[in-house]
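Notes for the structure review
Each chain, letter by letter, is given below.
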Amino acid sequence: MDPKLTAYATVLLTGTGTSVTELQALTRAEQEPDSAAAAAVLDGWRSAQEGEQP
Amino acid sequence: MTSAWFDLGLRLHAAHTRVPAARLAGAPIVTPHDPVAVRGSLSKGEPTLTIATRDRNDSVTGAAEGLALLATFGFSITRPDPVTVVTDQHAPTIRALQAVVAGWSEGNPHAEAAAHVVWTLNRSDFPHAPALVDVLGLCRTRYALGIAPEGERDAAVWRDWLDVPDDGLTGVLDLLDRATSGDPLDGLQPLAEDDAYTWARAATDYTEGRDWRSPESIARAALGLRSLCDATDLHATALLGDPLHRRAAVHSGHVTVGTSTAVEGRRKGLTLTSERLGSRLRAGEAVQGRVGGPMPTEPVFTGTVRESGVEDGRLVVLIDGVTGAAPGAGETISVHQAPPNAHAQRRGRGSIGRLYATRRSWLATGRAPKATRREVPLDVLVAAADTD
């Protein structure tokens, strides 16, 4: 993954108790989230799955 | 904060698949008329313009030369429909076009082209109006990339992600095609009608000598600002017509999802109870609702927010005057602001215009009017603060 995206995600997730690595595993496995941050990220992930492809 | 996390989910998915994540299922602008790619720059006050279509590409330096080149690409206020300017260098191109028009002088044979450019510049502030398309902004509205947000300001990045090999102006037209694929959002039609109306009026003004060559009246300036606010409101609710945007808007509070309960003693009322407290629904606001989550296509009921509050840690919104297929008790519903009535907006602008034209009206005389307040859309404030 782009290091700048990793850094950006790390800043966004500060204080949520969820790391970028955990989040990536969570989204790929589509496990149920255990925090508000993870739930919102997973919703974005699923929206991208359902979205139109260019 | 959840909006940013939702956006991060889009980006992580795009990074994982190496495919841009769609923010919108539909195109965020109406199909542009005759798009022409333009890049402009200024050096010591001298504009340089490069203009291209799919089969032609020319570049000149100088205001008069620029105007002559624009004329050869069909820029003329006498056209039935305007040319759409598409650029990946938004601010420099606007400055160059401004310099081209500022360099016009009596005797220049391309006044009709200059009048077209003035209309284009006047409409460039309008949200995604197809007069002057900032193609990178359009791409950002349509897609999220698997990179950090600041990287999306680079045209080369978009060309890479959207598979556009040409880094010239033909590539700009290719980016436009990618960003506008599919059908335009339904709610954009009033904006297109407004564009057509202002184009016809600009043509009349040119014919009657009331164009950029004469000073703009206070009434025109005021109506222009009012039009911009109205267009921004229309565009914001047009986006809510898109299912992917509605899904994201749950996280910004623009769409509220909860459980419906009938209100005792109110035949046409219901309450929406939501675990999520962040909501932008306000008392007095007209709303549209869907049964189920935010994704189903058509709204099935409308109503007006009567009041909202927090009870037992949950958001409770009372909606009155419900029409359409009212949801049953216990059903999941999603509700958002209803689109403004474009006809009412036009009537409002018409009445302001009449007040300015009437010598003894409070507007024309400058007497203090009865105070009425409205919110200025955030996009308008941001555009006003933009120094580019």
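The present account deals with the structure reproduced in this document. (Residues numbered from 1 in each chain as written. Chains lettered and ligands numbered in written order. Predicted model: local features only at pLDDT ≥ 70, side-chain atom pairs only at ≥ 80, totals over all residues. Heavy atoms only, no water.)

**Points about the packing of aromatic side chains**
All names here are of chain B. Tallied over the entire structure, the rule returns two aromatic pairs over all chains. Judged by centre distance (5.4 Å) and plane angle (75°), the ring pair of Trp104 and Trp212 falls under edge-to-face. One end of the pair, Trp104, is in the loop between helix H3 (90–102) and helix H4 (111–123); the other, Trp212, is in the loop between helix H8 (189–207) and helix H9 (218–239), and 108 residues separate them in sequence. On the basis of relative accessibility, which here comes to 24%, the residue Trp212 falls in the partly exposed class. An angle of 80° between the planes, with centres 5.0 Å apart, marks the rings of Trp119 and Trp199 as edge-to-face. Of this pair, Trp119 sits in helix H4 while Trp199 sits in helix H8; the two residues are 80 residues apart in sequence, bridging distant segments of the chain. Given the relative accessible area of 3%, Trp199 is considered buried. If you follow Arg123 out to its NZ or CZ, it ends over the ring of Phe126, 4.0 Å from the centre. (Phe/Tyr/Trp six-rings, centres within 6.5 Å; stacked < 30°, edge-to-face > 60°. Helix = DSSP H or I, 4+ residues; strand = E, 2+ residues; numbered from the N terminus. Buried < 20%, exposed > 50% of the residue type's maximum accessible area, 1.4 Å probe, protein only. Lys NZ or Arg CZ within 6 Å of the ring centre and 35° of its normal.)

**Structural notes on the interface of chain A and chain B**
Counting residues at the interface gives 27 residues for chain A, matched by 32 residues for chain B. Summing both sides of the interface, chain A and chain B together bury roughly 2500 Å²; the carbon and sulfur share of this comes to 70%. The tally of links between chain A and chain B comes to two salt bridges. For the pair chain A and chain B, the interface holds four residue pairs in polar contact (both at pLDDT 80 or more). Every element with two or more residues in the side of chain A that touches chain B is listed here: helix H1 (3–13), helix H2 (20–29) and helix H3 (36–50) of chain A. Looking at the side of chain A that touches chain B element by element, the count peaks at twelve residues for H3(A). For the side of chain A that touches chain B, the per-class residue count stands at 14 nonpolar, six polar and seven charged. (Contact = heavy atoms within 4.5 Å. Buried area = accessible area lost by both parts, 1.4 Å probe. Salt bridge = Lys/Arg side-chain N within 4 Å of Asp/Glu carboxyl O. Polar contact = N/O pair within 3.5 Å; in protein donor to acceptor, adjacent residues only side chain to side chain. Nonpolar A, V, L, I, M, F, W, Y, C, P; charged D, E, K, R; others polar.)

By themselves, these observations are geometric and do not establish any function.
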